[in-house]
Amino acid sequence: MEANITTTRQMPLVAKAAPVTKTKAPVQEPENKPSSLKTSRIIILFATFIMMLTGGFLVYLLQPQFEQLHLERMQSTWGFYFIVFSMALLGYKLLYFLFNVVQYFRYKPVESVTDQELPTCTVIVPAYNEGHLVYDTLLSLVASDYPAEKLQILVFDDGSKDDTWDWMKKAKAALGDRVSIYQQPKNMGKRHALYRGFKMGSGDVFVTVDSDSVVKADTLRNLVSPFVVNENCGAVAGNVLVLNNDKAIIPKMLNVSFVLSFEFMRSAQSAMGSVLCTPGALSAYRREAVFNCLEDWINQTFNGQPSDIGEDRAMTNMIMKQGYHILFQRNSYVLTNVPEKYKGLYKMFIRWGRSNVRENLMMAKFVFKKFRPEASRFGTRLIFFDQSLNMLLTYPLLLLMLVMIVMHPLLFISSALFGILLASSFSVFFYAKRYNLSESLWAYSYSFLFTFGLFWITPYAIATASRRGWLTRG
């Protein structure tokens, strides 16, 4: 990630912070926030609501035109089938959403086990051009409420071109034997740094943490507890929040988006034992499950080329294929840096999109087999079906959007603006319920950004899925 924003003197406070509660926002607003940034945020939120209300008013005003368009479609064969398909798709999406709501209410995070029950744990931190952020990451890990004799921390500088190695040496000097630092012979990629950590690690559980992230004091013990109480657990995803939430507008939007993605979607997936991706920012893996697939993982290829992206989703897939459950720990928080500018954001999303295409193809090879002989596979298959359906519909929906823009621009704009209001209200409600109302309103602005500024990501990622490159590394 690009942003370097955290000062080292802040980290002990972050590391020892109390768990997030439903009455507090994940990251508090600093009092010295620039007035220009405050003004920009107010303007953006105000403009968002003006546009949504305008969209709603236009939809009401243009009802005769909408009805005429509907009538014209009903009177043509292709239009009739289009309406039938649209209604069926809408009905399916509604049922799928309600199914996830049910699973969300079924979900319960595992409470931390005792110090005696905690397994030995190896934390692997790969670093590339992170500067002082890696120092902050290590401070937070060492400050964890985890028995020191059971915790091994391995840090790898993957051929950084900045002062990352210097900050790692400073961390080593400050923290002593609590951390071990190593340099890769050259920049080989995140997957190879993790591979070296897996090979060197002695813990019964491996934890991977990005070097631009900080954990809370109880994060590690909460993250690994499911392995103790559930012998079928092969991997656990942590709960990712945005660290640089108050530095720019895009992180503000992403923070709300992350809460929905993790605390709603991954909670629902966890209730089915089928979290699709354990994030690079914070994940844990059972040692045996890792070594069962480690060589396949490091030698993974796509379209004849070595895979240098999507290492987290690939590991998740390979462990799920073994029949293990993949869980999510809502009470295991990590705060990570995200891009602060549009260019960094779309590059990150392209990388995620390409990985999603690749790993869905991989998942298709086992999801309809008996990969979990003694447990239900329905939820996993439903999640896969929904992911695949979204991809299959990408180009038809893009074509439909372009046709609507050309033939009925006012109807398209008004319905899109009003649709943002309807579709994003659940995100607003969910975040407001979990944290607070004022921050939740950024869900509307994020939907505007995604609808009009990022709609091209998925079709582009599908078309370029075989391309290599991390994209966001400087």
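Residues numbered from 1 in each chain as written. Predicted model: local features only at pLDDT ≥ 70, side-chain atom pairs only at ≥ 80, totals over all residues. Heavy atoms only, no water.

Draft legend 1. Focus on the overall build of the chain. Broken down by element type, the chain carries 18 helices and 10 strands. The C-alpha radius of gyration of the chain comes to 23 Å, within 12% of the 23 Å expected for a compact globule of 474 residues. The dimensions of the chain, computed from C-alpha atoms along their principal axes, are 75 × 55 × 40 Å. When each of the 474 residues of the chain is scored for burial, the buried share is 55%. In the chain, the share of contacts with a sequence separation of at least 24, taken over all contacts with a separation of at least 6, comes to 85%. Surface accessibility of the chain: about 21400 Å² in total, with carbon and sulfur atoms responsible for 62%. (Helix = DSSP H or I, 4+ residues; strand = E, 2+ residues; numbered from the N terminus. Rg over C-alpha atoms; globule rule 2.2 N^0.38 Å. Buried < 20%, exposed > 50% of the residue type's maximum accessible area, 1.4 Å probe, protein only. Contact = heavy atoms within 4.5 Å. Areas by Shrake-Rupley, 256 points an atom, 1.4 Å probe, with all protein chains shown as cover.)

Draft legend 2. Looking closely at the packing of helix α2 (residues 35-61) against helix α9 (residues 249-271). Between α2 and α9, whose axes approach to 10 Å, the crossing angle comes to 55°. In terms of axis orientation, α2 runs oblique to α9. Counting all contacts with α2, which are made through Leu37, Ser40, Arg41 and Ile44, the residues of α9 involved are Ile249, Lys252 and Met253. When its residues are assigned to classes, the contact of α2 with α9 shows four nonpolar, one polar and two charged. (Axes fitted to C-alpha atoms, helices over the stretch in contact; angles between N-to-C directions. Parallel < 35°, antiparallel > 145°, perpendicular 65-115°, else oblique. Nonpolar A, V, L, I, M, F, W, Y, C, P; charged D, E, K, R; others polar.)

Draft legend 3. Seen up close, empty space enclosed by the protein. Inspection of the entire model under this criterion finds one cavity of 30 Å³ or more. Along the wall of the largest cavity there are 16 residues; nearest its centre are Leu194, Thr208, Tyr285, Glu311 and Asp312. Elements with a contribution of two residues or more to the lining of the largest cavity: α7 (190-200), β4 (205-209), β7 (282-286) and α11 (311-321). For the lining of the largest cavity, the class distribution of residues is eight nonpolar, four polar and four charged. (1 Å grid on protein atoms, 1.4 Å probe; cavity = no way out; pocket = protein on both sides within 12 Å on 5 of 7 lines; lining within 4 Å. Points joined across faces, edges and corners; volume = space filled by probe spheres on them.)

Draft legend 4. Representation of the packing of helix α15 (residues 409-434) against helix α17 (residues 442-453). Two elements in contact, α15 and α17, have axes separated by 9 Å at closest approach and are oriented at 135°. Relative to α17, the element α15 is oriented oblique. Like other packed secondary-structure pairs, α15 and α17 cross with a definite hand, here right-handed. Touching Ile413, Ala416, Leu417, Ile420, Leu421, Ser424, Ser425, Ser427 and Val428 of α15 are Ala443, Tyr444, Ser447, Phe448, Thr451 and Phe452, all from α17. (Left-handed = near helix turned anticlockwise from the far one by under 90°.)

Draft legend 5. Looking closely at helix α5 (residues 133-142). For α5, the buried fraction is high: 10 of the 10 residues fall into the buried class. Those residues of α5 lying buried are Leu133, Val134, Tyr135, Asp136, Thr137, Leu138, Leu139, Ser140, Leu141 and Val142.

Draft legend 6. A look at unusual backbone geometry. With a phi angle near 50°, Asn129 is a residue other than glycine that sits in the positive phi range. Among the structural elements, Asn129 can be located in the loop between β1 (121-127) and α5. Positive phi outside glycine occurs at Asn303, with the angle close to 55°. Residue position: Asn303 is located in the loop between β8 (301-302) and β9 (305-306).

Draft legend 7. Fine view of the packing of aromatic side chains. One pass over the full model with this rule turns up 31 aromatic pairs. With 5.7 Å between their ring centres and 90° between their planes, Tyr92 and Phe385 make a pair best called edge-to-face. Taken together, the residues Tyr92 in helix α4 (residues 77-106) and Phe385 in helix α13 (residues 378-392) connect sequence positions 293 residues apart. By relative accessible area, Tyr92 is classed as buried at 19%. Taking relative accessible area as the criterion, Phe385 reaches 42% and is therefore assigned partly exposed. On the basis of an interplanar angle of 65° and a centroid distance of 5.5 Å, the ring pair of Tyr135 and Trp167 is categorised as edge-to-face. One end of the pair, Tyr135, is in helix α5; the other, Trp167, is in helix α6 (residues 164-175), with 32 residues separating them in the sequence. Taken together, the aromatic side chains of Phe97, Tyr104, Phe105, Phe264, Phe426 and Phe430 make up a single cluster linked through ring pairs. Its end group placed over the ring of Trp167, Lys170 keeps NZ or CZ at 4.1 Å from the ring centre. Over the ring of Phe262 we find Arg266; its NZ or CZ atom is 4.0 Å from the centre of that ring. (Phe/Tyr/Trp six-rings, centres within 6.5 Å; stacked < 30°, edge-to-face > 60°. Lys NZ or Arg CZ within 6 Å of the ring centre and 35° of its normal.)

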